[in-house]
Amino acid sequence: MNEILYTYPNSNILITMQRTIVFLILVSFSLLVSAQYVPTPDDLDHFLKTKTLVVKDKNPLNTFDAEIAEVMAKEWDITEYEIIPFSEFEEKRMNPEYSFLFLATVVFEKDKLNAKYRFLNVSLGGDYFHIGMMPDLVSIPVSYTNVEDESYNYKLGILVRFAQQHLRLIHANPEIISTNVFKHYNDNMKDVKQKTLYLLEDEMADDVNSTSRIRKVYPYDFKLVTREEIRQAISDRDEDVVFLHKVGPEGTRLKARCYKILIGAADASFYYFDYHMINDKRPDGFLSKDLKKISK
């Protein structure tokens with residue numbers, strides 16, 4: 001089992017633990033390790049009775065706090081919620097009447113890559129010795145920790161919408177948690193061709209970083225857009241748009257995982273999920289191989 005170093009939300013406190021990130025599709029792809037803990041029907045029933053505390057960033061200069069406040073007000077209606085400062089998290093996480101939404105830092109120690117990732121977590125509070133013991137209901141890869149907030153803040157709305165939608169899905173259909181979650185989302189891949197695929201030029205591999213190059217391998221509707229256009233499509237719940245959520249080192253020297261997820265701007269469903277290890281042949285970006293997969 002891989003050992004994961006797991007921090008408190010955006011802090012410098014690091015905890016070593018044997019743990020699986022319970023992320024619906026990561027488990028199905030076996031990208032991490034076999035599931036050590038998956039949410040139970042009782043967990044999900046309990047979650048719906050909690051008040052969700054959204055934990056602010058420890059760094060007062062961040063842009064996450066303002067963005068998540070706006071997103072929660074617009075998107076979150078599955079439970080009552082409150083935004084709290086980081087300083088209150090340690091005490092309040094021990095209370096089972098609370099659930100928590102926060103950015104956590106994850107390091108896969110045995111990879112020996114020194115890569116740190118941000119995951120957006122929804123977890124249950126309770127009398128747990130350390131944060132790593134808190135039951136994770138959903139965890140979504142957001143970014144590397146060494147990239148700027150602007151690399152993901154414009155997508156927070158859809159990530160929160162997805163987390164909430166997924167919690168409702170597995171609460172209503174608990175049988176899919178560990179059996180066919182992958183199939184449930186992977187079935188959407190064929191529908192990408194019926195929508196307009198929004199891509200950022202700087203998130204594409206060099207051989208598919210222009211309209212003409214993309215068209216050679218992807219003959220369906222797509223558009224090279226700006227981050228603001230993706231934000232607007234998310235805000236408008238544009239039913240015709242699927243966009244790329246890429247998690248990579250963003251130009252740093254680090255060569256670790258590049259996660260690639262296609263998300264519907266309206267329904268917040270996943271239409272495609274994959275990852276690759278970055279090397280000289282597979283850069284930090286959406287590959288021609290990915291475009292060929294969704295073209296089938």
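For the structure itself, look to the data block above.
## Observations concerning the overall build of the protein chain
Thought 1: Of the regular secondary structure elements, the protein chain holds 9 helices and 12 strands.
Thought 2: Taking all 296 residues of the protein chain together, 56% fall into the buried category.
Thought 3: Within the protein chain, residue pairs in contact and separated by at least 24 positions form 66% of the contacts whose partners lie at least 6 positions apart.
Thought 4: Summing over all exposed atoms, the protein chain offers an accessible surface of approximately 13100 Å²; the carbon and sulfur share of this is 48%.

## Description of the sheet that holds strand β10 (residues 241-247)
Thought 1: Strand order across the open sheet formed by 5 strands is β9-β8-β10-β11-β12, with mixed pairing between neighbours. Because the sheet does not close on itself, it has two edges, and the strands there are β9 (222-224) and β12 (270-277). Across the sheet, the mean angle from the axis of one strand to that of its neighbour is 20°, orientation sign disregarded.
Thought 2: Taken together, the 7 bridges between strand β11 (residues 257-264) and β12 define a ladder with antiparallel strand orientation.

## Some details on helix α8 (residues 227-236)
Thought 1: Within α8, burial applies to Ile230, Ala233 and Ile234. One face of α8 carries all of its buried residues, which in axial projection span an arc of 100°.
Thought 2: Tucked inside the fold, the buried residues of α8 contact α5 (156-172), β8 (196-199) and β10.
Thought 3: Once α8 ends, the next one or two residues include arginine 237, with phi positive near 50°.

## A few points about the packing of aromatic side chains
Thought 1: Evaluation of the coordinates by the stated rule reveals 11 aromatic pairs.
Thought 2: Consider the rings of tyrosine 218 and tyrosine 220, whose centres lie 5.5 Å apart with planes at 65°: the pair is edge-to-face.
Thought 3: Exposure remark for tyrosine 220: the relative accessible area of 30% places this residue in the partly exposed category.

Calculation notes
Residues numbered from 1 in each chain as written. Predicted model: local features only at pLDDT ≥ 70, side-chain atom pairs only at ≥ 80, totals over all residues. Heavy atoms only, no water. Helix = DSSP H or I, 4+ residues; strand = E, 2+ residues; numbered from the N terminus. Buried < 20%, exposed > 50% of the residue type's maximum accessible area, 1.4 Å probe, protein only. Contact = heavy atoms within 4.5 Å. Areas by Shrake-Rupley, 256 points an atom, 1.4 Å probe, with all protein chains shown as cover. Pairing = 2+ DSSP bridges. Axes fitted to C-alpha atoms, helices over the stretch in contact; angles between N-to-C directions. Arc of directions from axis to C-beta. Phe/Tyr/Trp six-rings, centres within 6.5 Å; stacked < 30°, edge-to-face > 60°.

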